[in-house]
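# Tertiary structure, described
Here is how the chains run, residue by residue.
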Amino acid sequence: MAATESGRLMYKIYRALSYGVSPALNLHLRYRRLRGHEHPHRWTERLGRASLPRPPGPLLWFHAVSLGEGMSAIPIIKQCIKQSPDLNILMTTTTVSAFEVIDKRLPSGVIYQFAPIDTPTAVGAFLDYWKPNAIVLMESELWPNLIMSASENGVVLALLNARMSTKSFKRFSGPMLLPLISLMLSKFSLIVPLSTMQAVHFQLLQAPPFVINFSGDLKYVVEDFDVSEGYSRSIEDLKIQFAQRKVWMASSIHRGEEEIMLGVHRVLMQMHPDVVTILVPRDPQHGLEIAQELKKEGQNVALRSRHEKLVAGTNIYVVDTLGELRQLYRLTPIAVVGGSFFPGLAGHNISEAAAAGCAVLTGFWKNRA
């Protein structure tokens with residue numbers, strides 16, 4: 001009982017603080033829109049202002065932070081539609097990159113919106129408008145205002161592919177935040193961790209044992225989507241270009257990590273002059289910048305978005321597009337997964353690369369998340 005009261009007190013403090021900083025967050029969203037990090041026309045959805053009508057009938061809300069998590073939700077969404085064709089499905093993400101890819105791959109009739117920021121006003125406006133019957137959160141989207149407000153409104157909560165980084169687990173395990181996270185997890189009717197270790201983490205954070213059910217990592221069941229004949233030819237063409245070359249790929253790299261990968265590339269060039277290094281940055285704009293910088297240095301670079309060929313003397317292939325990793329992993333025997341070569345980076349899921357049969361390498365830091 002004391003722990004529950006402590007959790008409620010911590011939530012009241014969080015709610016008051018998030019309400020107080022709401023004006024600053026609104027200004028920050030406007031700044032992000034100017035920088036191209038929010039949708040130029042639909043950014044107000046992040047304030048809980050809907051841009052589409054709410055259809056009558058029951059509504060199930062799926063929320064994922066970004067592209068990878070959103071892709072994992074799509075097979076579940078399809079199964080829900082198959083079992084309950086009259087069910088309305090709402091899908092939200094927070095990033096523009098996810099919107100550009102997922103919006104084209106969702107089943108017909110699924111409503112797509114940007115998720116509200118976790119302030120009382122934005123979350124309240126969103127819930128009041130859409131009135132979901134249940135919310136399915138993907139992976140680690142544990143936002144206090146969203147979870148507590150939904151629970152107070154009688155909305156059923158589920159957490160799928162649930163995970164928490166080591167850094168987050170240690171932070172939530174501390175005496176200040178444990179009562180809050182325990183209170184939040186008590187509001188869920190279903191928690192499906194992506195691994196046994198993650199299940200242990202959630203139990204140690206006092207999630208009710210009877211709501212934890214294990215099913216494995218959902219990213220392994222992400223299906224191949226229907227692709228155009230032109231896209232299939234593009235992938236086959238790449239396969240042919242790589243066929244007589246030694247190929248490796250550095251995927252999901254963050255800013256600065258390209259220098260490490262290019263250093264490895266230079267060493268490999270000395271041993272295998274025909275080697276091809278595929279660079280896949282997290283941000284497509286970063287990929288364009290890498291290609292431009294390399295070209296200034298006089299290196300031959302092929303850019304994916306421009307459909308450039310790997311002509312003789314070209315040893316670097318930069319992928320500045322989104323949503324192609326699943327197909328590209330099948331073209332390389334070795335994948336180095338980024339987000340793991342600098343302190344403070346939490347790394348990225350290696351399941352897609354492993355499922356494609358790649359030998360997977362990552363960086364490692366003692367203090368990494």
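Not measured: the values here are computed from a predicted model.

Taken together, six strands build an open sheet; the order of strands is β3-β2-β1-β4-β5-β6 and the sheet is parallel. A single partner strand is all that each edge strand has here, and the edge strands are β3 (111-114) and β6 (190-193). In this sheet, neighbouring strand axes are inclined to one another by 20° on average, regardless of whether the strands run parallel or antiparallel. Taken together, the five bridges between strand β4 (residues 134-138) and strand β5 (residues 156-162) define a ladder with parallel strand orientation. Of the residues in β5, the one forming a bridge with isoleucine 135 is leucine 157. Across the sheet, helix α6 (residues 144-152) is in contact with β1 (59-63), β4 and β5; its angle to β4 comes to roughly 160°.

In globular proteins that are soluble, nonpolar side chains generally tend to be buried together. Ile135, Leu142, Leu185, Phe188, Ile191 and Phe202 are the most contacted members of the largest nonpolar core, which totals 38 residues. The leading source of residues in this core is helix α8 (residues 178-185), at six residues. If near-sequence neighbours (up to four positions away) are discounted, leucine 185 is found in contact with Leu142, Ile191, Phe202, Leu205, Ala207 and Pro208. In this structure, Met71, Ala98, Ala158 and Val192 belong to the second largest nonpolar core, which totals 25 residues.

Bringing helix α11 (residues 257-271) into the picture now. The terminal C-alpha atoms of α11, which comprises 15 residues, lie 22 Å apart, in line with the 21 Å expected from a rise of 1.5 Å per residue. The complete set of buried residues in α11 reads Glu257, Glu258, Met261, Leu262 and His265. The buried residues of α11 all sit within an arc of 130° when viewed along its axis, so they share a single face. Across α11 from its buried face, at more than 90 degrees, point the exposed residues Gln270 and Met271.

For the structure on display, the rule yields seven aromatic pairs. For the pair tryptophan 61 and phenylalanine 126, a centre-to-centre distance of 4.5 Å together with 40° between the ring planes defines the contact as tilted. With tryptophan 61 in strand β1 and phenylalanine 126 in helix α5 (residues 120-130), this residue pair connects regions lying 65 residues apart in the sequence. Side by side, tryptophan 61 and phenylalanine 126 carry an identical accessibility label, which is buried. With a centroid separation of 6.4 Å and an interplanar angle of 80°, the aromatic rings of tyrosine 112 and phenylalanine 114 are classed as edge-to-face. Taken as a pair, tyrosine 112 and phenylalanine 114 share a single burial class, namely buried.

About the cut-offs
Residues numbered from 1 in each chain as written. Predicted model: local features only at pLDDT ≥ 70, side-chain atom pairs only at ≥ 80, totals over all residues. Heavy atoms only, no water. Pairing = 2+ DSSP bridges. Helix = DSSP H or I, 4+ residues; strand = E, 2+ residues; numbered from the N terminus. Axes fitted to C-alpha atoms, helices over the stretch in contact; angles between N-to-C directions. Contact = heavy atoms within 4.5 Å. Core = buried A, V, L, I, M, F, W, Y, C linked by side-chain atoms within 4.5 Å. Buried < 20%, exposed > 50% of the residue type's maximum accessible area, 1.4 Å probe, protein only. Expected span 1.5 Å × (residues − 1). Arc of directions from axis to C-beta. Phe/Tyr/Trp six-rings, centres within 6.5 Å; stacked < 30°, edge-to-face > 60°.

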